[in-house]
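Overview (structure and organization)
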Amino acid sequence: MNMMNIVSGVRHYATSDRLAVVCDDEKLSYKDLDRYSDIIANYISHKYGENTPLAIYGNKDVMIIACMIGALKSKRAYVPMDVSFPEQRVMDVLDSVRPNIVFDMSGKDFFRDQDGQIKEAYRSFEIIDKKALIKLIEENEDGPLASQVPSENWVDGDENSYILFTSGSTGKPKGVQISAYNLDSFMRWMSPILGLDGQAKVVMDQPAYSFDLSVSQLYPGLANGATLYSFSKDVVADFKVLFDHMRKSDMEVWVSTPSFVGMCLVDKDFNQEMLPKLRKMLYIGEVLPVEVARKLRERFPKVDVINGYGPTEATVGISHVVINDDHIGSGKSLPVGIPMENCRIKIVDEDGREVEKGQKGEIVIIGPSVSKGYFKNEEKTREAFYLESTDPGLEDGTPDDLAHLRFRAYRTGDLGSIDETGNIRYAGRKDFQIKLNGYRIEIEDIENNLRKVENIRNAVVLPVYKNEKIAYLKAIVELEVENDLGNLKNGIRIKKDLAKLIPEYMVPRNVTIIDKLPMNTNGKIDRKKLAQEL
């Protein structure tokens, strides 16, 4: 069985006239993407011998995709860093990876001082900005660097395709390594879910490339000849402009967090009429509230609303379910899907023993989607990853030299169970479990019930510490419709309604109403910022 490869897809569709990427006013065809990435790959390979990962700094730009494919063609992983990263995070990532090259597609002077010189901290790296990259391509279009890179030079097998840095408990980010082998498993599963089958289709490209959700549209999209319709940060910041772009896009596939689509739903014009060709909506990355799913099904009757689950360490996602009316009317939170065939899920207790079906425990993922671990961080890798001692029984048709990799397992730190239909029921994070006044409380349980209270669009619950101990809980709430009750009266009403759904000891002491919950780069609610503001 040949492995499904994003680079093969780019080369295959380079013979067509299809567009690979559209971003703001720029377009990049598959033909040019293939040519540009050959030049980038040859430049890197000729200049640097070792296969050190390279870094890409930026948000959305057609040339970022060329840099990614160029890296893969040169047998190197790429490390995406978003423009929203603070300088210390960029320094931490670069210090960990020590890349030869940093492609700066931000259009900003992040790496330069006031005199236009590279800052001293970055002088050990070759910094190539967009202007320099375009010049490099133009000067070499007819030269030896334009020669086609043979497939044996591409990233393959268990070699890293990308490294995504996620928050670490030590304050230093952890680099999750995802290989071509991991991505082969993911693309074979995700492509048919999104209806990507080689036909010319448009896929929304909104999540930041530093966020693993972006892989859901990026890899299956380019491997199947789709057009990525990218929305830059400037476009997303202005909903009038964003909706204008959406109307023009002809998109058939939507990928985002529930928080992002929740903001779009505030506008009544966000419906099937705005996106008449849309047929698939995928949500992974955080809890999809029942009310958001209900509105999506009402406004987009022709669309499959797909809820999914999976951590970065298991290549984005490992389960999915198409939400129906029964799910929405069940009175429960939504299921997060039936696991992919090429994956085994275990639910284990605190001692690592598998629990009976329906019982809650920690979710453990086994199979080809599981990462080899954290980049240059053996201690954290040993804590979270291990090899299954018994064969998980996953037949994936991979070559013999890769077959042993299906024994890899990852302890997610997520709590959940498997219901009678085979769906995973997500029940929050182990580290979101707290003890207050002797009671064990799951914070996400409170949040899910807050979202059921009338006129609440979204809510976050935070523990408030005093003398290094949890003193009480505080709820921060975003209303569906503004009213003139004020914070105090709204808070009293919300607590009264919430007390009908959960025990009194779980009801937050304080409720604060805010206009809009802040979001981080990944399109998730920024709990860290809210906690700092506390």
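Residues numbered from 1 in each chain as written. Predicted model: local features only at pLDDT ≥ 70, side-chain atom pairs only at ≥ 80, totals over all residues. Heavy atoms only, no water.

**Side note on the layout of surface pockets**
Considering only enclosed or pocket space, the second largest pocket measures out at about 560 Å³ in volume. Lining of the second largest pocket is provided by 25 residues; of these, K332, S333, D445, N448 and K452 occupy positions nearest its centre. Of all the secondary-structure elements, those providing two or more residues to the lining of the second largest pocket are α11 (290-299), β19 (408-418), β20 (424-429) and α14 (443-450). A breakdown of the residues in the lining of the second largest pocket according to their chemical character gives eight nonpolar, seven polar and 10 charged. (1 Å grid on protein atoms, 1.4 Å probe; cavity = no way out; pocket = protein on both sides within 12 Å on 5 of 7 lines; lining within 4 Å. Points joined across faces, edges and corners; volume = space filled by probe spheres on them. Helix = DSSP H or I, 4+ residues; strand = E, 2+ residues; numbered from the N terminus. Nonpolar A, V, L, I, M, F, W, Y, C, P; charged D, E, K, R; others polar.)

**Considerations on empty space enclosed by the protein**
Inspection of the entire model under this criterion finds six cavities of 30 Å³ or more. By volume, the largest cavity amounts to about 100 Å³. Lining the largest cavity we find 14 residues, and of these N5, I6, V155, S161 and A180 sit closest to its centre. Sorting the residues of the lining of the largest cavity by element identifies α1 (6-13) and α6 (180-193) as the ones contributing at least two each. Ranked by the residues each element gives to the lining of the largest cavity, the list is headed by α6, at four residues. Classifying every residue of the lining of the largest cavity by side-chain character gives 10 nonpolar, two polar and two charged. Looking at the second largest cavity, its volume works out to about 70 Å³. Lining the second largest cavity are G262, L265, V266, E291, V292, K295, R457 and E480. Every element with two or more residues in the lining of the second largest cavity is listed here: α10 (258-265) and α11. By residue number, the principal contributor to the lining of the second largest cavity is α11, which donates three residues.

**Comments concerning the packing of aromatic side chains**
For the structure on display, the rule yields 18 aromatic pairs. On the basis of an interplanar angle of 80° and a centroid distance of 5.2 Å, the ring pair of Y57 and F111 is categorised as edge-to-face. A residue pair is termed long-range when its members are at least 10 positions apart, and Y57 in strand β3 (residues 54-57) and F111 in the loop between β5 (101-104) and β6 (126-129) qualify at 54 residues. The two residues Y57 and F111 agree in class, both being buried. Taking 6.0 Å as the distance between ring centres and 35° as the angle between the ring planes, the aromatic pair formed by W254 and F260 counts as tilted. The exposure classification of W254 matches that of F260, with both residues buried. Within the aromatic cluster, the residues linked to one another by ring pairs are F239, F243, W254, F260, F270 and F300. Against the face of Y209 rests K60, its NZ or CZ located 3.6 Å from the ring centre. A cation sits over an aromatic face here: K119 above F110, 5.6 Å from the ring centre. (Phe/Tyr/Trp six-rings, centres within 6.5 Å; stacked < 30°, edge-to-face > 60°. Buried < 20%, exposed > 50% of the residue type's maximum accessible area, 1.4 Å probe, protein only. Lys NZ or Arg CZ within 6 Å of the ring centre and 35° of its normal.)

**Remarks on the environment of P518**
Within the secondary structure, P518 sits in the loop between β25 (510-514) and α16 (527-533). For P518 and S249, which are 269 residues apart along the polypeptide, the C-alpha to C-alpha distance reads 27 Å. Not counting residues up to four positions away in its chain, the partners in contact with P518 are K524, I525, D526, K529 and L530. (Contact = heavy atoms within 4.5 Å.)

**Section: the state of the cysteines**
Per the stated rule, a full pass over the model turns up zero disulfides. A disulfide-free cysteine, C23 has its sulfur positioned 13 Å from the sulfur of C67, the nearest such atom. You can call C23 buried: its relative accessible area is 3%. (Disulfide = S-S within 2.5 Å.)

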